Amino acid sequence: MERAVVMLKIVTVVGARPQFIKAAVLRELFESSPDIKEILIHTGQHYDVSMSDIFFSDLNIKPAEYKLGINTGGPGQTTGRMMEEIEKVLQIEKPDAMLVYGDTNSTLAGALSAVKLHIPVIHVEAGLRSFNKRMPEEINRIMTDHVSDYLFCSTETGVTNLQNENISKNIFHVGDIMYDATLKAIRDFGSNVVVPGVDLSKDNLAICTIHRAENTDAPNILKSIFDYLNEQTHLYEIILPLHPRTEKALKEHSVDVGNIRIISPVGYPQMQALLAASKIAFTDSGGLQKEAYFHKVPCVTLRGETEWVELVDAGWNRLWTSEEFAQPRLLVEEYGSGDTGEKIVKYIKEYIKN
Ligand code: UD1
Ligand code: UDP
């Protein structure tokens with residue numbers, strides 16, 4: 001006699017660009033698992049077509065079941081309104097678990113809404129720390145980790161960070177889900193990608209992104225970054241797909257971008273093509289630091305610290321405030337082999353029961 005499949009219901013909350021990319025990997029795996037049903041909530045934190053819809057269409061992500069459209073007001077107000085709406089969805093859907101990615105306001109809203117209803121929380125990309133509590137992301141990740149029941153870490157350092165905060169149960173080092181996404185993009189799009197207005201065959205390209213609040217909201221730092229980048233234009237043609245937050249800050253603080261080539265935010269395949277074609281990356285993005293490594297492109301991090309310390313140790317990454325990359329350049333094994341999504345699904349099936 002055939003046994004009925006017991007369906008595990010997971011509600012996932014996403015809201016910001018990097019989360020759509022990570023969710024693309026797991027959503028496809030969940031779709032092909034007959035015993036898991038995923039309900040996706042898009043908080044609306046990112047809402048421009050180039051910051052949201054483009055990822056759903058390019059990466060063929062099944063549309064969110066719930067779109068909350070919350071993106072106005074201060075951080076506390078938006079996080080609070082997200083919680084209010086997520087709670088309503090949780091009361092309707094009654095899931096077995098809540099899954100959140102990373103460290104955005106949407107992550108925190110998802111985690112807190114679930115924990116208040118005693119729904120177990122799964123945190124993907126747990127344990128990262130910058131040890132800089134002025135970063136909104138640092139607060140979001142500490143809070144999320146401390147209410148999570150299952151913590152999936154990209155790195156060994158992530159595991160250690162959690163243990164140092166006395167979190168000891170259900171921590172899994174599974175590798176980095178963004179590596180799965182990059183490998184998939186290379187498989188699916190290969191070299192057939194065009195970036196309008198950029199000649200990818202040039203041999204001195206450098207990709208750059210800037211969006212961190214600590215950089216955009218401090219006029220002096222923002223100006224210093226652009227001065228630094230302009231010094232680098234003697235060596236490189238720097239292409240900067242501009243985050244809307246940075247676009248506003250540049251205008252507000254009247255920053256001269258000099259010789260940097262500004263373009264609109266690009267889709268994921270275009271960003272992978274830009275990285276692959278670049279000699280170097282300049283960025284304050286968490287995701288881009290790793291993707292630069294996946295393409296074996298050295299990266300200069302435009303911040304005072306990084307959560308991805310293994311890249312610095314392995315000589316692929318340096319802070320812009322330090323002179324040289326560490327030598328020799330080594331491989332970083334701990335991001336896995338592109339099977340992070342599969343490992344997460346396996347552990348979810350093994351550990352979470354309905
Ligand atoms: C957020 C995350 C950050 C992540 C980044 C990914 C938090 C605290 N920060 O930062 O960790 O690295 O997303 O990109 O959650 N805006 C638009 N259109 C959009 C999206 C944003 O115009 O589609 C503008 C709005 O003016 C908004 C500002 O950008 O107020 C900042 O957006 P927000 O989502 O608050 O933070 P990010 O800087 O994008
Ligand atoms: N990205 C993109 N287009 C862009 C800029 C970034 O597709 O114009 C992708 C990038 O390849 C990476 C992710 O967005 O996968 C990183 O997001 P972001 O830098 O916004 O956030 P962070 O990783 O810092 O949280």
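That block above? That's the structure.
A brief report on the enclosed structure follows. (Residues numbered from 1 in each chain as written. Chains lettered and ligands numbered in written order. Predicted model: local features only at pLDDT ≥ 70, side-chain atom pairs only at ≥ 80, totals over all residues. Heavy atoms only, no water.)

**Notes on the overall build of the protein**
In plain terms, the rule: Secondary structure is summarised from DSSP: a helix means a run of H or I of at least four residues, a strand means a run of E of at least two, and numbering begins at the N terminus for each. In this treatment the radius of gyration is a C-alpha quantity, and the globule benchmark scales as 2.2 Å times the residue count to the 0.38 power. Buried means the residue's accessible area, taken with a 1.4 Å probe over protein chains only, is under 20% of the maximum for its type, while exposed means over 50%, and partly exposed covers the values in between. For the area figures, the Shrake-Rupley method with a 1.4 Å probe applies, and any residue is considered shielded solely by the protein chains shown. Residues scored as charged are limited to Lys and Arg (positive) and Asp and Glu (negative), so that His and the chain ends carry no count. Every charge is mapped onto a representative atom, which is NZ of Lys, CZ of Arg, CG of Asp or CD of Glu.
Looking only at helices and strands, the protein features 14 helices and 13 strands. Its C-alpha atoms give the protein a radius of gyration of 20 Å, within 12% of the compact-globule value 20 Å for 354 residues. Viewed in the frame of its principal axes, the protein has a C-alpha envelope of about 70 × 40 × 40 Å. For the protein, buried positions account for 58% of its 354 residues. When the accessible surface of the protein is totalled, it reaches about 15700 Å², and 51% of it is carbon and sulfur. The centroid of the 36 positive side-chain charges in the protein is displaced by 4 Å from the centroid of its 48 negative side-chain charges.

**Here we look at the sheet that holds strand 10 (residues 261-263)**
What counts here: Each pair of strands is called paired provided DSSP finds at least two bridges between the two strands. Axis definition: a line fitted to C-alpha atoms, limited for helices to the stretch in contact. Angles are taken between N-to-C directions and run from 0 to 180 degrees.
The strand order across the open sheet formed by six strands is 10-9-8-11-12-13, and the pairing between neighbours is parallel. Taken across any chain shown, the strands that pair with only one partner, and hence form the sheet edges, are strand 10 and strand 13 (317-319). Here the strands of the sheet are splayed against their neighbours by 25 degrees on average, with no regard to which way each runs. Relative to strand 13, strand 12 (residues 299-301) runs parallel, the two sharing three bridges. Paired with Val300 across the strands is Arg318, a residue of strand 13.

**A look at the site of ligand 1**
For the record, the criterion: Here, proximity means that at least one heavy atom of the residue falls within 4 Å of the molecule or strand. Side-chain atoms alone can form a polar contact between residues adjacent in sequence; in general such a contact is a pair of N or O atoms within 3.5 Å, and within protein one must be able to donate a hydrogen while the other accepts it. Amino acids are sorted into nonpolar (Ala, Val, Leu, Ile, Met, Phe, Trp, Tyr, Cys and Pro), charged (Asp, Glu, Lys and Arg) and polar (every other residue, Gly among them).
Around ligand 1, the surrounding shell holds 18 residues, and the nearest of these are His46, Glu137, His211, Arg245 and Lys248. In this structure, His46 approaches ligand 1 through a side-chain N or O atom, which is 2.7 Å from an oxygen atom. Backbone polar atom of Asn105 to an oxygen atom of ligand 1: 2.8 Å apart, as the coordinates give it. Out of a free accessible area of 740 Å², ligand 1 has 84% covered by protein chains. Every element with two or more residues in the shell around ligand 1 is listed here: helix 5 (136-147) and helix 10 (244-252). If one sorts the elements of the shell around ligand 1 by residue count, helix 10 sits on top with three residues. Partitioned by chemical class, the residues of the shell around ligand 1 number six nonpolar, six polar and six charged.

**Some details on the nonpolar core**
For clarity, the threshold we go by: For this analysis, a nonpolar core means a set of buried residues of the types Ala, Val, Leu, Ile, Met, Phe, Trp, Tyr and Cys, connected via side-chain atoms within 4.5 Å. Pairs of residues are marked as contacts when any of their non-hydrogen atoms sit within 4.5 Å.
Core analysis: the biggest nonpolar cluster contains 44 residues, and Leu26, Leu99, Ile122, Val124, Phe152 and Ile348 have the highest contact counts within it. For this core, the leading source of residues is helix 1 (residues 17-31), giving seven residues. Those residues in contact with Ile122 that sit more than four places away from it in its chain are Ala97, Met98, Leu99, Val100, Tyr150, Phe152, Ile348 and Ile352. Core analysis: the second largest hydrophobic core is formed by 22 residues, Cys208, Tyr228, Ile260 and Val300 among them.

**Points about the site of ligand 2**
Taken together, 19 residues lie around ligand 2, and Val266, Ser285, Gly286, Gly287 and Glu291 are the ones closest in. Gly287 has a polar backbone atom sitting 2.8 Å from an oxygen atom of ligand 2. Calculation on ligand 2 without its partners gives an accessible area of 530 Å², and the protein chains cover 96% of this total. Of all the secondary-structure elements, those providing two or more residues to the shell around ligand 2 are helix 1, helix 11 (268-277) and helix 12 (286-294). Take the shell around ligand 2: its biggest share by element is four residues, from helix 12. A per-class count over the shell around ligand 2 returns ten nonpolar, six polar and three charged.

**Side note on the pattern of salt bridges**
Put simply, the rule is: Any Lys or Arg side-chain nitrogen found within 4 Å of a carboxyl oxygen on Asp or Glu counts as a salt bridge.
Across all of its chains, the model carries 27 salt bridges by this definition. For the salt bridge of Lys349 with Asp35, the shortest nitrogen-to-oxygen distance reads 3.5 Å. Taken together, the positions of Lys349 in helix 14 (residues 340-351) and Asp35 in the loop between helix 1 and strand 2 (36-42) put the pair 314 residues apart, joining distant regions of the chain. In this structure Lys349 comes out as partly exposed when scored by relative accessible area, which is 35%.

**Some details on the packing of helix 7 (residues 177-189) against helix 11**
Applied cut-off: Any angle that is under 35 degrees is reported as roughly parallel, and any over 145 degrees as roughly antiparallel; angles of 65 to 115 degrees are reported as roughly perpendicular and all others as oblique.
Direction vectors running N to C along helix 7 and helix 11 enclose 90 degrees, while the axes themselves pass 10 Å from each other. With respect to helix 11, the element helix 7 is oriented roughly perpendicular. Where helix 7 approaches helix 11, its residues Met178, Ala181, Thr182, Ala185 and Phe189 are matched on the opposing element by Tyr268, Pro269 and Gln272. Across the contact of helix 7 with helix 11, the residue classes break down as six nonpolar, two polar and no charged.

**Examining the sheet that holds strand 5 (residues 121-124)**
Strand order in this open sheet of seven strands is 3-2-1-4-5-6-7, and the pairing throughout is parallel. The strands lining the two open edges of the sheet, one partner per strand, are strand 3 (66-67) and strand 7 (171-173). Bridge analysis of strand 2 against strand 3 gives two bridges, and the strand direction is parallel. Residue pairing for strand 3: Ile41 is matched across the bridge by Tyr66.

**Quick look at the environment of Asn215**
By secondary structure assignment, the location of Asn215 is in helix 8 (residues 213-216). Measuring from C-alpha to C-alpha, the distance between Asn215 and His295 comes to 25 Å, with 80 residues separating the pair along the chain. Excluding anything up to four places from it in sequence, Asn215 contacts Ile210, Ile221, Leu222, Ile225, Asp284, Leu302 and Arg303.

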